[in-house]
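Here is what each chain is made of, one letter per residue.
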Amino acid sequence: QVQVVESGGGLVQPGGSLRLSCAVSGTGIDSNSKIMAWYRQPVGQQRSFVANIGYHTSNYADSVQGRFTISKDNAKSTVYLQMNKLKPDDTAVYYCNAKILGTDLKWNDYWGQGTQVSVVA
């Protein structure tokens, strides 16, 4: 069974940095049938896309482009989100998502429990 566990959240001042980690168990992540992503959800708002990484490519939301970097360590089945130049608007619960293509050719989503990031002066 696939499990996704985030870590690394915390309290940081504006302009600071944090690195989130997402450990995936039950499957490897080095495959073109697996896409790893980060989403975030501020209090009272909907969950929104932050970044994803596939076999060769990565994508970012406009709001984090140039400040956040998504990467992965296939050997450790771990995905990272390096967040620099943090702003108060980045305050949210950050969720890791594993999107895996099943044998029925349908994509299945696996979510972690989330980790809180708070950017406060």
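Further up the page is the structure itself.
So, how was this worked out
- Residues numbered from 1 in each chain as written.
- Predicted model: local features only at pLDDT ≥ 70, side-chain atom pairs only at ≥ 80, totals over all residues.
- Heavy atoms only, no water.
- Helix = DSSP H or I, 4+ residues; strand = E, 2+ residues; numbered from the N terminus.
- Polar contact = N/O pair within 3.5 Å; in protein donor to acceptor, adjacent residues only side chain to side chain.
- Buried < 20%, exposed > 50% of the residue type's maximum accessible area, 1.4 Å probe, protein only.
- Pairing = 2+ DSSP bridges.

Asks: Just checking my understanding: could you explain the side chain of Arg40 for this structure?
Replies: Looking at where Arg40 falls in the secondary structure, it is placed in strand β4 (residues 34–41). Engagement of the side chain of Arg40 in a polar contact is seen with the side chain of Ser63, the distance being 3.4 Å. Among the polar contacts listed, one links the side chain of Arg40 to the side chain of Tyr94, at a separation of 2.9 Å.

Asks: Teacher, can you tell me more about the pairing of strand β9 (residues 92–101) here?
Replies: As a general feature of sheets, a regular strand has side chains that alternate between the two faces. Across the ten residues that make up β9, a large majority, seven, are buried. With eight bridges connecting them, β4 and β9 associate as antiparallel partners. Residue pairing for β9: Ile35 is matched across the bridge by Lys99. Taken together, the three bridges between β9 and strand β11 (residues 115–119) define a ladder with antiparallel strand orientation. Residue Tyr94 lies in a different strand from β11, and its bridge partner there is Thr115. Relative to strand β10 (residues 107–111), β9 runs antiparallel, the two being bridged by five bridges. Within the sheet, the bridge partner assigned to Leu101 lies in β10 and is Trp107.

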